[in-house]
Amino acid sequence: MAGDDHLFSVAGKRVLVTGGSRGVGAMIADGLVRAGAEVIVVSRKADELRATADALATSGACEAIPGDLSTPEGVAAVADAVRERWDRLDVLVNNAGAAWGAPLDAFPVARWDKVFDLNVRGVFLLTTSLLGLLRAAARDADPARVIVVGSVDGLRVPEASWENYPYSASKAAVHMLTRHLAVRLAGERITVNAIAPGFFESSMTAFLLDGDRREQLDATVPLGRIGRPDDIAGTVRFLASPAGAYLTGSVVVVDGGVSLGARLDP
């Protein structure tokens, strides 16, 4: 059995993190770089992405590939760029995502499509485009890993005032896509798991964190606070390490208890 020092190791693993320029994606990439993984971050905004990659590279190996994963052409370009750099991919973290809110009776179809094109189709197309590299990394004792970032909003109905209909529906969809891919790829020693985060600091939650609203949001979480970078980075590191080698088709909820439905009494 692997020693404790190896059980949670990701040292030397080659990891692609989409949506890696900020928010949860940057938290994940930072944790993996500091743990010794070689990381490529992908995001649409090239300047912001390169700034993040440069900052992370002060702690280890990190580089940037700008790309738009909401289109098949963008996915193909990113996959080609990864293949030019690496001959294997140990871990693919599908984190890139979009959200949009609008009133129910006036929800723009174009925005619905934009959310689904990135959150669901982009995950599927990038994963299938990189199967060759994942297969090259897959081993019986150490499978290649696909990790999909879903959301607690794919497990519960969001508050009525949060009219982000395609976001919650898309996250429920990628949870099921995770399970379907897990069954299909298990025989090839590629595991597929999802993480369902609760509240973390990101562009999607910025409107909830202004001033006194931060304390109000903390109060809705049974554990009394929103997520911290190590909470999400540690979960990804577990799934990517030997400790997570026997998990596939799981949706790991990382939300401080939010999805339980109510704050627990002390």
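Let us look at the structure shown here. Given the structure is predicted, the values throughout are model-derived calculations rather than measurements. (Residues numbered from 1 in each chain as written. Predicted model: local features only at pLDDT ≥ 70, side-chain atom pairs only at ≥ 80, totals over all residues. Heavy atoms only, no water.)

Okay, the overall build of the protein chain next. Regarding its fold elements, the protein chain presents nine helices and seven strands. For the protein chain, the C-alpha radius of gyration of 18 Å lies close to 18 Å, the compact-globule estimate for 266 residues. Reported as C-alpha extents along the three principal axes, the dimensions of the protein chain are approximately 45 × 45 × 40 Å. Burial analysis of the protein chain (266 residues in total) assigns 48% to the buried set. Of the roughly 12,500 Å² of accessible surface on the protein chain, a fraction of 54% belongs to carbon and sulfur atoms. With 27 positive and 32 negative side-chain charges, the protein chain shows a separation of 4 Å between the mean positions of the two kinds. (Helix = DSSP H or I, 4+ residues; strand = E, 2+ residues; numbered from the N terminus. Rg over C-alpha atoms; globule rule 2.2 N^0.38 Å. Buried < 20%, exposed > 50% of the residue type's maximum accessible area, 1.4 Å probe, protein only. Areas by Shrake-Rupley, 256 points an atom, 1.4 Å probe, with all protein chains shown as cover. Lys, Arg positive; Asp, Glu negative; His and termini not counted. Charge placed at Lys NZ, Arg CZ, Asp CG, Glu CD.)

What follows concerns the environment of Leu69. On the secondary structure map, Leu69 appears in the loop between strand S3 (61–66) and helix H4 (72–85). Among the residues examined, Leu69 registers a relative accessible area of 6% and is labelled buried. For the pair formed by Leu69 and Asn119, sequence separation is 50 residues and the distance between their alpha carbons is 9.1 Å. What Leu69 contacts, discounting residues up to four positions off in sequence, is Thr18, Val42, Gly74, Val75, Val78, Ala96, Asp117, Leu118, Gly122 and Leu126. (Contact = heavy atoms within 4.5 Å.)

All right, on to empty space enclosed by the protein then. Using a probe with the size of a water molecule, rolled over the atoms, empty space left in the structure can be pinpointed. Under the defined criterion, the tally for this structure stands at one cavity of 30 Å³ or more. In this structure, the largest cavity encloses a volume near 40 Å³. Every residue lining the largest cavity is listed: Thr18, Leu69, Asn94, Asn95, Ala96, Leu118, Gly122, Val123 and Leu126. Considering every element that reaches the lining of the largest cavity, the biggest residue donor is helix H5 (residues 109–129), with four residues. Residue classes in the lining of the largest cavity are distributed as five nonpolar, four polar and no charged. (1 Å grid on protein atoms, 1.4 Å probe; cavity = no way out; pocket = protein on both sides within 12 Å on 5 of 7 lines; lining within 4 Å. Points joined across faces, edges and corners; volume = space filled by probe spheres on them. Nonpolar A, V, L, I, M, F, W, Y, C, P; charged D, E, K, R; others polar.)

Quick look at the side chain of Thr127 now. Structurally, Thr127 is set in helix H5. Taking relative accessible area as the criterion, Thr127 reaches 2% and is therefore assigned buried. Contact partners of Thr127, with chain neighbours within four places excluded, come to Leu92, Asn94, Leu134, Val146 and Leu181.

It is worth spelling out the nonpolar core at this point. Residues Leu16 and Leu130 are the most contacted members of the largest nonpolar core, which totals 36 residues. Sorting the residues of this core by element identifies strand S2 (38–43), H4, H5, helix H6 (131–137), strand S5 (144–149), helix H7 (165–185) and strand S6 (190–197) as the ones contributing at least two each. Those residues in contact with Leu16, other than ones at most four positions away along the chain, are Ile40, Val42, Val82, Trp86, Leu89, Val91, Leu92, Val93, Leu126 and Leu130. In this structure, Val15, Ala29, Ala53 and Phe200 belong to the second largest nonpolar core, which totals 29 residues. (Core = buried A, V, L, I, M, F, W, Y, C linked by side-chain atoms within 4.5 Å.)

Time to look at the pattern of salt bridges. Opposite charge on two side chains permits pairing when their charged atoms draw close. Overall, the coordinates contain 16 salt bridges when judged by the stated rule. Its salt-bridge partner being Arg189, residue Asp140 comes within 3.1 Å of it at the nearest N-O pair. Within this pair, whereas Asp140 is found in the loop between H6 and S5, its partner Arg189 is found in the loop between H7 and S6, the two being separated by 49 residues in sequence. You can call Asp140 exposed: its relative accessible area is 65%. Given the relative accessible area of 36%, Arg189 is considered partly exposed. Each member of the salt-bridge network shares a partner with another, and the members are Lys13, Asp142 and Arg145. (Salt bridge = Lys/Arg side-chain N within 4 Å of Asp/Glu carboxyl O.)

What follows deals with the packing of aromatic side chains. Enumeration over the complete set of coordinates arrives at four aromatic pairs. Judged by centre distance (6.3 Å) and plane angle (85°), the rings of Phe107 and Trp112 are edge-to-face. Take Trp112: its relative accessible area is 34%, and that puts it in the partly exposed class. Measuring from ring centre to ring centre gives 6.1 Å for Phe107 and Tyr165, while their planes differ by 70°; the resulting arrangement is edge-to-face. You can see Phe107 sitting in the loop between strand S4 (91–94) and H5 and its partner Tyr165 sitting in helix H7, a full 58 residues away along the chain. Residue classification places Phe107 among the buried positions, given a relative accessible area of 16%. Here Tyr165 falls in the partly exposed class, since its relative accessible area comes to 28%. Through a chain of ring-to-ring contacts, three or more aromatic side chains come together here, namely Phe107, Trp112, Phe116 and Tyr165. The positively charged end of Arg111 is found above the aromatic ring belonging to Trp100, 4.1 Å away from the centroid. (Phe/Tyr/Trp six-rings, centres within 6.5 Å; stacked < 30°, edge-to-face > 60°. Lys NZ or Arg CZ within 6 Å of the ring centre and 35° of its normal.)

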